[in-house]
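# Summary of the model geometry
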Protein chains: 2
Amino acid sequence: MDLLKKKILEEGKVIGTDILKVDSFLNHQIDVGLAQEMGKAFYERFKDRGINKILTVESSGIGLSCIAAQYFNNAKVVFGKKNKAKTQDNSCYEAEVYSYTRGVINQIRIAKKYLSKDDTVLILDDFMAMGGAANGLLSIAEQAGAKVAGIAICIEKGFQGGGDKLREQGYDLYSLAIVDSMDENKGIVFRD
Amino acid sequence: MDLLKKKILEEGKVIGTDILKVDSFLNHQIDVGLAQEMGKAFYERFKDRGINKILTVESSGIGLSCIAAQYFNNAKVVFGKKNKAKTQDNSCYEAEVYSYTRGVINQIRIAKKYLSKDDTVLILDDFMAMGGAANGLLSIAEQAGAKVAGIAICIEKGFQGGGDKLREQGYDLYSLAIVDSMDENKGIVFRD
């Protein structure tokens, strides 16, 4: 998606060869106009799949998922929680997710009552590196018996391999920008 | 706001006398159609204030803030982060926030470059109890020299006092539903 790639080149900051900071528009400050365009692009790709729910994980995926859901006839958004709240009951699907940017393993949870075999879901997230979050959500969808229509990612770090592994497994993964390499000095190379 | 109060009465679950679970539509599963109506209501109240940014904290506030921002001419959303990511630099405003539902104190951080004296902000969150999150964001806005146009809350637990304290301090706090008392057996009483 040219608009996103342009924004990454203009505002993204590469640290070393594996960290891409895009917190001016994606995951700390959020550019809602850009999020709308990304939501429309996801809709164009997945509109015929009968999607009634968007699954994501806290925190950065939530805003994008809510904006995108509007184009899917206000599909419900369900987000995996990383910490247990006093108000969260015990009847949850769980999966382990390794967060590359934080260097920790999180247990993510989705209450059983919000996901079932009657749901057709789109998994959506801002970033994909090794694919930890997507794999965690896939595990939860499988536990619930929900149908996974596809996986929608804003920025995939292609060189970390998580995306291609999911494609090999047959998932319909659509990333709006795939970074095949990056370097503080040499810049960012997108996959065609 | 009648639509929200109706939804709380239909789907909310009171636990004891101080916990209100609304995770079927507000903070685990998100009803995006309802979020749009809440966003419009916030816009009606605050539309003439020159708001260019919406401030919230992760996680539950993010989706609502992104939906609401659309009505404020796609104001940027900036959310306070609770954990430090590898990709987060050190130049941040910080404040301490006590989370009533989790029973922990979080340090929230907003990067200095995303908030300044040129900003007029709306502070937005899903819940207000003691007012911890709002006070943390107010502190950060003050540190940045940003103007606070108002505070927008979906559900205020009026009996916990945080909202009325902020009103006494002169803040324009607008809550779409104020719960003045609740009880597992006697139900929920809204403030008129």
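Scroll up for the structure.
So, a few notes on the structure that sits alongside this text. (Residues numbered from 1 in each chain as written. Chains lettered and ligands numbered in written order. Predicted model: local features only at pLDDT ≥ 70, side-chain atom pairs only at ≥ 80, totals over all residues. Heavy atoms only, no water.)

## Examining the packing of aromatic side chains
Tallied over the full model, the rule gives 6 aromatic pairs over all chains. Taking 6.3 Å as the distance between ring centres and 70 degrees as the angle between the ring planes, the aromatic pair formed by Phe46 of chain B and Tyr174 of chain B counts as edge-to-face. Here Tyr174 of chain B lies in strand β10 (residues 173–183) and Phe46 of chain B lies in helix α2 (residues 32–46), a separation of 128 residues in the sequence. Phe46 of chain B gets classed as buried once you look at its relative accessible area, which sits at 0%. Residue classification places Tyr174 of chain B among the partly exposed residues on the basis of a relative accessible area of 22%. Cluster of aromatic residues (ring-pair linked, three or more members): Phe42, Phe46 and Tyr174 of chain A. A cation sits over an aromatic face here: Arg45 of chain B above Phe46 of chain B, 5.7 Å from the ring centre. (Phe/Tyr/Trp six-rings, centres within 6.5 Å; stacked < 30°, edge-to-face > 60°. Helix = DSSP H or I, 4+ residues; strand = E, 2+ residues; numbered from the N terminus. Buried < 20%, exposed > 50% of the residue type's maximum accessible area, 1.4 Å probe, protein only. Lys NZ or Arg CZ within 6 Å of the ring centre and 35° of its normal.)

## Section: the sheet that holds strand β3 (residues 29–30) of chain B
Pairing in this open sheet of 7 strands is mixed, and the strands run β11(A)-β10(A)-β9(A)-β8(A)-β4(A)-β5(A)-β3(B) from one edge to the other. A single partner strand is all that each edge strand has here, and the edge strands are β11 (187–190) of chain A together with β3 of chain B. Lying over the sheet, helix α3 (residues 60–69) of chain A contacts β4 (53–57), β5 (76–80), β8 (120–128) and β9 (147–157) of chain A together with β3 of chain B, oriented at roughly 165 degrees with respect to β4 of chain A. (Pairing = 2+ DSSP bridges. Contact = heavy atoms within 4.5 Å. Axes fitted to C-alpha atoms, helices over the stretch in contact; angles between N-to-C directions.)

## Quick notes on the sheet that holds strand β8 (residues 120–128) of chain B
If you trace the 7 strands from one edge of the open sheet to the other, you get β3(A)-β5(B)-β4(B)-β8(B)-β9(B)-β10(B)-β11(B), paired in mixed fashion. The sheet is open, and its two edges are formed by β3 (29–30) of chain A together with β11 (187–190) of chain B, each paired on a single side. The pairing of strand β4 (residues 53–57) of chain B with strand β5 (residues 76–80) of chain B spans 5 bridges and is parallel. Along β5 of chain B, the bridge assignment pairs Lys53 of chain B with Lys76 of chain B.

## Things to note about the environment of Leu137 of chain A
Inspection of the secondary structure puts Leu137 of chain A in helix α4 (residues 132–144). For Leu137 of chain A, the contacting residues outside a window of four places in its chain are Leu55, Thr56, Val57, Ile108, Ile110 and Ile123 of chain A.

## Concerning a nonpolar patch on the surface
Taken together, the side chains of Tyr98, Ile105 and Met130 of chain A define a hydrophobic patch exposed on the protein surface, amounting to about 320 Å² of accessible area. Structurally, Met130 of chain A can be placed in the loop between β8 and α4. (Patch = residues over 30% accessible without salt bridge, like charges linked within 9 Å, V, L, I, M, F, W, Y side chains within 5 Å. Areas by Shrake-Rupley, 256 points an atom, 1.4 Å probe, with all protein chains shown as cover. Salt bridge = Lys/Arg side-chain N within 4 Å of Asp/Glu carboxyl O.)

## Some thoughts on the interface of chain B and chain A
A common way to state how big an interface is: give the accessible area lost once the parts meet. Taken together, the contact between chain B and chain A spans 45 residues of the former and 45 residues of the latter. Of the roughly 4000 Å² buried where chain B meets chain A, counting both sides, 53% is carbon and sulfur surface. Summed over the shared surface of chain B and chain A, the number is 0 salt bridges. Linking chain B with chain A are 22 residue pairs in polar contact (both at pLDDT 80 or more), by the criterion used here. Elements that contribute at least two residues to the side of chain B that touches chain A include exactly β2 (19–21), β3, α2, α3 (60–69), β5 and β7 (104–111) of chain B. (Buried area = accessible area lost by both parts, 1.4 Å probe. Polar contact = N/O pair within 3.5 Å; in protein donor to acceptor, adjacent residues only side chain to side chain.)

## Digging into the pairing of strand β9 (residues 147–157) of chain B
Residues and elements named next belong to chain B. In terms of burial, β9 is a largely internal element, 9 of the 11 residues being buried. Note: β8 against β9, 8 bridges, orientation parallel. In the sheet register, Leu124 faces β9, and the bridge partner there is Ala152. Following the backbone out of β8, through helix α4 (residues 132–144) and into the adjacent parallel β9, one traces a crossover that is right-handed. For β9 and β10, the ladder comprises 6 bridges, and the chain directions are parallel. Bridge pairing in β10 places Glu156 opposite Ile178. (Right-handed = clockwise from strand over helix to strand, strands pointing away.)

## A few points about the relation of the copies chain B and chain A
A rotation about some axis, followed by a shift along it, carries one copy of the chain onto the other. Structural alignment of chain B on chain A gives an RMSD of 0.0 Å, achieved by rotating through 180 degrees and translating 0.0 Å along the axis. What the superposition gives is, in effect, a two-fold axis relating one chain to the other. Scanning chain B for the C-alpha nearest the rotation axis identifies Gly63 of chain B, at a separation of 2.1 Å. When the interface residues of chain B are mapped onto chain A, 100% of them again lie at the interface, so the same face is used by both copies. (Least-squares fit on C-alpha atoms with pLDDT ≥ 70 in both.)

## Some words on the nonpolar core
If you look at the biggest cluster of nonpolar residues, it comprises 80 residues, and the most contacted ones within it are Leu4, Leu20 and Ile155 of chain A together with Leu4, Leu20 and Ile155 of chain B. With residues up to four places along the chain from it excluded, the contact list for Leu4 of chain A reads Phe25, Leu34, Met38, Cys154, Ile155, Leu176 and Ala177 of chain A. (Core = buried A, V, L, I, M, F, W, Y, C linked by side-chain atoms within 4.5 Å.)

## Looking at the side chain of His28 of chain A
In this fold, His28 of chain A is placed in the loop between β2 (19–21) and β3. According to the relative accessible area criterion, His28 of chain A is buried, its value standing at 2%. At a separation of 3.0 Å, a polar atom in the side chain of His28 of chain A contacts the main-chain amide nitrogen of Ala111 of chain B.

## Considering unusual backbone geometry
All names here are of chain A. Cis geometry marks the peptide bond from Glu58 to Ser59, where omega comes out at 0 degrees. Tracing the chain through its elements places Ser59 in the loop between β4 and α3. Of note in the backbone geometry, Asn73 takes a positive phi value of approximately 55 degrees without being a glycine. Summarising the element assignment, Asn73 is placed in the loop between α3 and β5. Residue classification places Asn73 among the exposed residues on the basis of a relative accessible area of 74%.

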